[in-house]
Amino acid sequence: MGRYQRHHQWRKGEKHTEDDEESQTFLMEFANSGYYKRTSPKLLYLLFLSFLSCSFILAPHLFSTNTTFSLLYSTMVENEGLAAEMDVNIPLCSSIANGTICCDRSSIRSDICVMKGDVRTHSASSSIFLYRSKDGNSLKNYVAGVVEETEELEHEKVKPYTRKWETSVMDTIDELQLVAKKDTLGMHHQCDVQHDVPAVFFSTGGYTGNVYHEFNDGIMPLYITSQHFNKKVIFVMLDYHTWWITKYGDILSQLSDYPPIDFSGDKRTHCFPEVTVGLRIHDELTVDSSLMEGNMGIVDFRNLLDRAYWPRIRSLIQDEEREAQEKLSASLTSESPLEIENEVQEDQVRKPKLVIISRNGSRAITNENLLVKMAEEIGFEVNVLRPDPTTELAKIYRALNASDVMIGVHGAAMTHFLFMKPGSVFIQVVPLGTVWAAEEYYGEPARKLGLKYIGYQILTRESSLYDKYDKDDPVLRDPKSVTTMGWEYTKKIYLDGQTVRLDLGRFRKRLVRAYYHRLNKHPHLHSQ
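What you are looking at is a predicted structure, and each value in this text was computed from that prediction instead of being measured. (Residues numbered from 1 in each chain as written. Predicted model: local features only at pLDDT ≥ 70, side-chain atom pairs only at ≥ 80, totals over all residues. Heavy atoms only, no water.)

(A) Representation of the pattern of salt bridges. Evaluated as defined, the whole model comprises 25 salt bridges. Across the pair glutamate 166 and arginine 163 runs a salt bridge, and its minimum N-O distance is 3.0 Å. Each member of the pair, glutamate 166 together with arginine 163, is buried. Put simply, arginine 302 and aspartate 306 hold a salt bridge, and the shortest N to O gap is 4.0 Å. Of the two residues, arginine 302 and aspartate 306 are both situated in helix H9 (residues 298-331); the distance of four residues between them amounts to about one turn of the helix. Ionic contacts of the salt-bridge type, sharing partners, join the residues Arg105, Asp111, Glu156 and Lys164 into one network. (Salt bridge = Lys/Arg side-chain N within 4 Å of Asp/Glu carboxyl O. Buried < 20%, exposed > 50% of the residue type's maximum accessible area, 1.4 Å probe, protein only. Helix = DSSP H or I, 4+ residues; strand = E, 2+ residues; numbered from the N terminus.)

This is the structure we're talking about:
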């Protein structure tokens, strides 16, 4: 997979990439402004007269003192600075003229192309065509007996997936041909379905099937790319998976008012006024508000998750209340009023809620039962969550949204920190050989969401590797030297071959810190 090393290597140069993108954006805006277009003589004459008039009016002030000039200069600088501030974060290709293709290939993470005008799909050839109206030359060709339907003017190729730098996975992604053609006879592919809203094309292939990649490489970039359309957008998917639609349908419904389209499976010609091919991505599990229209950020993304999952959660709550009412009615004959009153009082005592994301096999906490007991003694209400690929996301969201603290061992399931409310506590157990990845992929993004993040880096004696290797072996003594050897070593030794037995005395300090952090945030919480 290569997430740990290859990604780390290119990040050092990422700032230069961003600088290049900003420069290209400025140049594109400058060129599109029409500055280079030839100005008519009449306009030049009017400008000259205006300048001459202003010169007579301002001359005494300009030549008698520097004050006025300084004021004018300061105003110009302020205006230029404001313009730069407004333009610097506008993505390249965000605004293009009809009949054009614009591709932004400046990012190391993904390529983005935009087509605007008469855009038509042709899935059989993995192509999207942009037709430009005929001109005088094409008409001459027709009169001269040239019977070609169209003339190709521009051709781009894009793989719409957000791991552009990772060749091994990009080799598995379908490539789209983006072709601009000159329509000479109006005989291009006829529209089977005419849409009046834009489309966004992207792939759900690659590492799809891993929840981290599903959110980091797909869902969050989809939000970043499409949220400004205000749901008036159609998603067209390559490597279409029905299960993916089912799993993330609640989120998709918050981003689009239209059903998604299976590009390869739907052979009809779909016509759009505008198409974006590829997704923009900012960083690991992050939405950078400075790069978003309306300064939308990671908290806004989480609010979208709230809107997506709460209808289903309310349905679950109603079902549970109905069942509880039935049980209560059945128990009225067997319990005394005093017993029922005591149960109600106990329910009103609100303990801080702790969710443990449990793992089986690799990176499991082998003394998890003792961890649960210790957490309950401290005063937590503990819920051990064991999600699998079939677990409904709304149920996971419900548990974590209501939690005060989440504990889990580094791995893809830590992506679920996105379901926690800002101000909650996220404790990540960091096994040997995963320090950099744990911080990069989950620690720093969690802080950006507003969580209290606590990384618990285990000691060598807390790892199962302690019993497998000599104490002087680099696997124990210098994990970094092993992980730099390549992804296959990291995966085999530290991810697939390691479990954790927590030093509960040492870990207790983190739990107590989390407990009192939540009590200080929510004084109404009590323990028995």
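(B) A look at the side chain of asparagine 401. By the element assignment, asparagine 401 lies in helix H12 (residues 393-401). Those residues in contact with asparagine 401, other than ones at most four positions away along the chain, are Arg302, Asp306, Trp310, Phe419 and Lys421. (Contact = heavy atoms within 4.5 Å.)

(C) Fine view of H9. In a regular helix each residue adds 1.5 Å, so 34 residues correspond to 50 Å; H9 covers 46 Å between its end C-alpha atoms and thus fits that length. At tyrosine 309, H9 is deflected by roughly 40 degrees, the largest bend along its length, and proline proline 311 occurs up to four residues later in sequence. (Expected span 1.5 Å × (residues − 1). Bend = angle between axes of the 7 residues up to and from the residue.)

(D) Spatial organisation of the sheet that holds strand E11 (residues 353-357). Pairing is parallel across the open sheet formed by five strands, whose spatial order is E12-E11-E13-E14-E15. Looking along the sheet, the strands with just one partner apiece sit at the ends: strand E12 (381-385) and strand E15 (452-457). Within the sheet, the average angular offset between the axes of one strand and its neighbour, ignoring direction, is 20 degrees. Bridge count for E11 against strand E13 (residues 405-409) is four bridges, and the pairing is parallel. (Pairing = 2+ DSSP bridges. Axes fitted to C-alpha atoms, helices over the stretch in contact; angles between N-to-C directions.)

(E) Focus on the confidence of the model for the chain. Residues of the chain with pLDDT of at least 70 account for 74%, and the chain-wide mean is 81. Below a pLDDT of 50 lies the segment residues 5-45, which in the model reaches 42 contacts outside its immediate sequence neighbourhood of four places, other chains included. This model gives residues 54-88 a pLDDT under 50, and the stretch forms five contacts once residues within four places in sequence are excluded. (pLDDT = per-residue confidence, 0-100.)

(F) Geometry of the nonpolar core. Counting residues in hydrophobic clusters, the biggest one holds 58 residues, and the most contacted among them are Phe215, Ile251, Phe301, Phe417, Leu418, Phe419 and Phe426. The greatest single-element share of this core, amounting to eight residues, is contributed by helix H7 (residues 211-226). The residue makeup of this core includes at least three contributed by each of domain 1 (100-133 + 151-281) and domain 2 (353-521). Setting aside its immediate chain neighbours within four residues, leucine 418 contacts Phe215, Met220, Leu285, Ile298, Phe301, Arg302, Leu305 and Leu449. (Core = buried A, V, L, I, M, F, W, Y, C linked by side-chain atoms within 4.5 Å. Domains from an automatic or database assignment.)

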